Amino acid sequence: MSCRLPRALPLALLGCVLVGTPLAGEKAPTESAAVLTRALTEAERGLAAGELEIAESRYRTALLEAGLLLGAAEASLGNLDEARAAFEQTTRVAVETRRGRLSLALILIEQGESGQAVGLLRRVVGAHPGDFAARRLMARALMAEDRVDEAVQELAELAEMAPGDLENLYLLARGHLIQQRPEAAAADFARLAEARPIAETHVLIGRTYRDFEAYGRAREALETALALDPRVRRAHYYLGTVELFDRGQALLESAMRHFEQELELYPDDPLSNLYLGTALVELRRHEEAVPHLELAAERGPSPADALQFLGRAYLALDRPGEALEVLRRGLELAEASAAVARGPADARERRLSSLHYQLALALRRTGDEAGAAVQFEAARQSSARSTQSSREILGRYLEGEPEEPASFTSSIGSILLPGWSEAAKRELVETARRALVQAYFNLAVMLTRSERFARGAELFEQAAAIDPDHPRLQYSLGVASFNAGRFEQATAPLSRALADNPGDDALRRMLALAWLNTDSYARAAELLAEDDERQRNPALQYAYGLALVRSGRAAEAEATFERLLRDNPDWAELYVVLGQAHAQQDDYQAATGYLRRALELDPGVAEAHATLGDIFLRQGKLEEAERALRAELRGHPGDRRARYTLAAVLELNRKAGEALVLLRALLRDEPRFADARYLLGKILLAEGAAEEAVGHLEAAAALAPADANIRYQLGQAYQKVGEIDRAARQFETFRQLKRARGNGEGP
């Protein structure tokens, strides 16, 4: 039997024997809660008195303490992802990051990311070499990474620093066992027992020896525990498992006596009931086994095992209907567990194989031969995936059982939140969340009032992630994002705020401008059309006309622009939009006149040269188009549409090399620009670089799947590289898209 080495330490039992370290640092939960309350009170007081620096400092303290409490409560409830997010956030909101990093490191270790935990802890230890808690956690992370010698060296140094720290002494003993140095471990355990001479200490030592297959030493420690206290919990249970793991079914009767003795003291102990029940099934004492297995299935940490043996017992007692029910439930639980388990696959496959087999027998007994055949085949496949024997030996079948002391998530609450009920932990989660929202919101308000809009928007977003329905939060987030120039991020919260306050004209106006700045012109036009202020505000009239033009409604925009032009005859930008409106209607002569007038008023006005370049391109005047577009880019080098159009002109004017340089630079800045991807792929294909062309055209098709021209060029590229089937699929998609638009068959 291979050595079962639990990744997580038996911290629940350690918590009863030693002095545990709180997950979120040295502060106890009640102390952190008091600090949180005080920080919020002082922040509100500072805000009211106009002492903004004090208020900001206190709010950041509140964010730290609330985040640590939230992470600790979520972790104690087994919600490790939520705990991780809370702890990660604490490292970004306050100057003091140590406690958040230590707590985050614990979560990372449990989630199997101990390498990342080592890196995190090295930063803490680098800043504070004498930080005992950080270095001990570093040892745990190194151990989880199988860097045992480094971990033991760290623990040995810590033992010299703090010889009275019993948890560190235990970890050192465990490290010596992993190194296969039993005498060194025995010396560590002796010091541990001398410092804490109670029965529970010897139970811990015995259980640890058992996990490392030192069965003789395990028996000695557990018997010592019983001599000190005949009623000590789990001593008989562990002795029973030692009998099974050491000599298997040969000592089944002896193991059962230990389980029975444990249950005489603690009748509801789920693991003792599970082991005794399974042992009774092995001995075919099915009637006696049922009540023990029913209790284990209801309350135990391994219900799939209990349900499997309970199903066997029901079948033996000729109760196939009940067997069918529990075996189906057991199989469902086992499959769910196997999907996320990180341990060896053999035990999982043996469990699944046995459950499938027993379920097949139950189905056959109830007359479902077809269902039985499916389960027999599943049992065969699971058995084939196991590289070890699937013999029904109790100790081997249940090897590595999830005993509570070895579970991180079930032990963390007993260390961090001792005596707290599930309801109290959940209430702590809600309390911490409310405090976080309050602190994030008020701190964000302070930042936006001092015109630090981007940072304020980030904090409003943090508050919204916790409670999106907090009063005025969506409005505040939208306004801060808008003022920070983050128009795309502003549209969703502004839309929600407007839905709650449909009569707020200023809010509607701000949302319209946000849509305008994100190229959602139809939405902007719809909102501005209802704005009474538009008739009195030239800027809004201009925005409305621009939205109409850009959304393909140039004819409707003419009346708006005529009124604006009468009142603002020297407004260069207005002439640009008028030019674009006429160009949209193919009235190139009028468009050109408006654009030249704009350039007379302001030679640097944006988009005038670019629009002229686009008009010249449509007219086939490539040299004029190139000059106009280059003029636009001299004044506005970041204009992505002008850069793309110039590349298209260069490609048509047989300057493919220059076009390629321009497109590659454009895509470095705008990698999701579908038109640029398409044009680059098309040019590369024409230049004979078909392999590279495929990559760009595939990216373009992913960004614009309904663009028929992209599909045609991608089909051509696939043909060039010999992908005939894929080319055929692209050509078929091209034809379907063209038919859907009524555009015939040509490219």
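Residues numbered from 1 in each chain as written. Predicted model: local features only at pLDDT ≥ 70, side-chain atom pairs only at ≥ 80, totals over all residues. Heavy atoms only, no water.

A.B. asks: I tried to follow the overall build of the chain on my own but got confused; where do I start?
C.D. replies: From N to C terminus, the chain includes 40 helices and zero strands. Per-residue burial for the chain yields a buried fraction of 52% across its 747 residues. Within the chain, contacts between residues at least 6 apart in sequence are counted, and of these 55% link residues at least 24 apart. On the chain, roughly 33800 Å² of surface is accessible, and the fraction owed to carbon and sulfur atoms is 48%. (Helix = DSSP H or I, 4+ residues; strand = E, 2+ residues; numbered from the N terminus. Buried < 20%, exposed > 50% of the residue type's maximum accessible area, 1.4 Å probe, protein only. Contact = heavy atoms within 4.5 Å. Areas by Shrake-Rupley, 256 points an atom, 1.4 Å probe, with all protein chains shown as cover.)

A.B. asks: It is not clear to me how the packing of helix H33 (residues 608-618) against helix H35 (residues 640-652) should be interpreted in this structure. Could you clarify?
C.D. replies: Think of two packed helices as two axes; the pair is described by the angle between the axes and how far apart they sit. The N-to-C vectors of H33 and H35 enclose an angle of 30 degrees; their axes lie 10 Å apart at closest approach. Classified by the angle their axes make, H33 and H35 are roughly parallel. Crossing angle aside, the handedness with which H33 passes H35 is left-handed. Between H33 and H35, the contacting residues are Ala610, Asp614 and Leu617 on the first element and Ala642, Thr645, Val649 and Leu652 on the second. The class makeup of the residues in the contact of H33 with H35 is five nonpolar, one polar and one charged. (Axes fitted to C-alpha atoms, helices over the stretch in contact; angles between N-to-C directions. Parallel < 35°, antiparallel > 145°, perpendicular 65-115°, else oblique. Left-handed = near helix turned anticlockwise from the far one by under 90°. Nonpolar A, V, L, I, M, F, W, Y, C, P; charged D, E, K, R; others polar.)

A.B. asks: In this structure, what is going on with the packing of helix H26 (residues 487-500) against helix H27 (residues 505-517)? I would like to understand it.
C.D. replies: The contact between H26 and H27 brings their axes to 9 Å, and the two run at 150 degrees. With respect to each other, H26 and H27 are oriented roughly antiparallel. In this structure, H26 crosses over H27, and the sense of that crossing is left-handed. Taking contact as the criterion, the partners of Phe487, Thr491, Leu494, Ser495, Ala497 and Leu498 in H26 are, on H27, Leu507, Arg508, Met510, Leu511, Ala514, Trp515 and Asn517.

A.B. asks: Can you help me understand the packing of aromatic side chains in this one?
C.D. replies: The geometry of an aromatic ring pair is captured by two quantities: the separation of the ring centres and the angle between the planes. As enumerated under the stated definition, the model contains 14 aromatic pairs in all. Relative to Phe259, the ring of Tyr237 has its centre 6.1 Å away and its plane inclined at 45 degrees; by these criteria the two rings are tilted. Pair noted here: Tyr237 is in helix H13 (residues 235-247) and Phe259 is in helix H14 (residues 252-265), with a separation of 22 residues, a long-range link. Taking the relative accessible area as the measure of exposure, Tyr237 reaches 0% and is therefore buried. Residue classification places Phe259 among the buried positions, given a relative accessible area of 0%. (Phe/Tyr/Trp six-rings, centres within 6.5 Å; stacked < 30°, edge-to-face > 60°.)

A.B. asks: Hey, could you run me through unusual backbone geometry in this one?
C.D. replies: The bulk of non-glycine residues show a negative phi, and the bulk of peptide bonds are trans. Its identity as a non-glycine residue notwithstanding, Arg234 has a phi of 75 degrees, on the positive side. A positive phi angle, close to 75 degrees, is found at Glu607, a residue other than glycine. Here Glu607 is to be found in the loop between helix H32 (588-601) and H33.

A.B. asks: Got a minute to help me understand the nonpolar core in this structure?
C.D. replies: One finds Phe189, Leu327, Tyr440 and Phe460 to be the most contacted residues of the largest nonpolar core, which totals 140 residues. Ranked by the residues each element gives to this core, the list is headed by helix H23 (residues 422-449), at 14 residues. Sequence-distant contacts of Phe189, defined by excluding residues within four places in its chain, comprise Tyr170, Ala173, Leu177, Ile205, Thr208 and Tyr209. In terms of nonpolar packing, the next biggest core, distinct from the first, is built from 53 residues, Leu599, Ala625, Ala700 and Ala701 among them. (Core = buried A, V, L, I, M, F, W, Y, C linked by side-chain atoms within 4.5 Å.)

A.B. asks: Even after reading the chapter, I still don't get the side chain of His258, so can you show me in this structure?
C.D. replies: Here His258 lies in helix H14. Dropping the residues within four chain positions of it, His258 is found in contact with His236, Leu239, Gly240 and Glu243.

A.B. asks: I tried to follow the pattern of salt bridges on my own but got confused; where do I start?
C.D. replies: Two side chains that carry opposite charge are able to pair once their charged atoms sit near each other. Taken as a whole and assessed by the stated rule, the structure comprises 54 salt bridges. Between Arg58 and Glu42 there is a salt bridge; the shortest N-O distance is 2.7 Å. Taken together, the residues Arg58 in helix H3 (residues 52-76) and Glu42 in helix H2 (residues 29-48) connect sequence positions 16 residues apart. A salt bridge links Arg84 to Glu113; the shortest N-O distance between them is 2.8 Å. (Salt bridge = Lys/Arg side-chain N within 4 Å of Asp/Glu carboxyl O.)

A.B. asks: It is not clear to me how the confidence of the model for the chain should be interpreted in this structure. Could you clarify?
C.D. replies: Caution is warranted with low-pLDDT regions, since their predicted coordinates should not be read in detail. Confidence in the prediction for the chain averages 85 pLDDT; 88% of positions are at 70 or higher. Mean pLDDT across the secondary structure elements of the chain bottoms out at helix H1 (residues 11-17), with 35, and peaks at helix H12 (residues 215-228), with 95. Note on residues 1-25: pLDDT is under 50 here. Beyond four places in sequence and across chains, it has 83 contacts. (pLDDT = per-residue confidence, 0-100.)

A.B. asks: Got a minute to help me understand helix H34 (residues 622-635) in this structure?
C.D. replies: Helix length check: H34, at 14 residues, gives a terminal C-alpha distance of 20 Å against a target of 20 Å (1.5 Å per residue), a fit within 8%. Buried within H34 we find Leu622, Ala625, Glu626, Ala628, Leu629, Ala631, Glu632 and Leu633. Summarising the contacts, the buried residues of H34 are in contact with H33 and H35. (Expected span 1.5 Å × (residues − 1).)

A.B. asks: Honestly, the environment of Leu564 in this entry has me stumped. Any pointers?
C.D. replies: Topologically, Leu564 is positioned in helix H30 (residues 554-567). Judged by relative accessible area, Leu564 falls into the buried class, the value being 4%.

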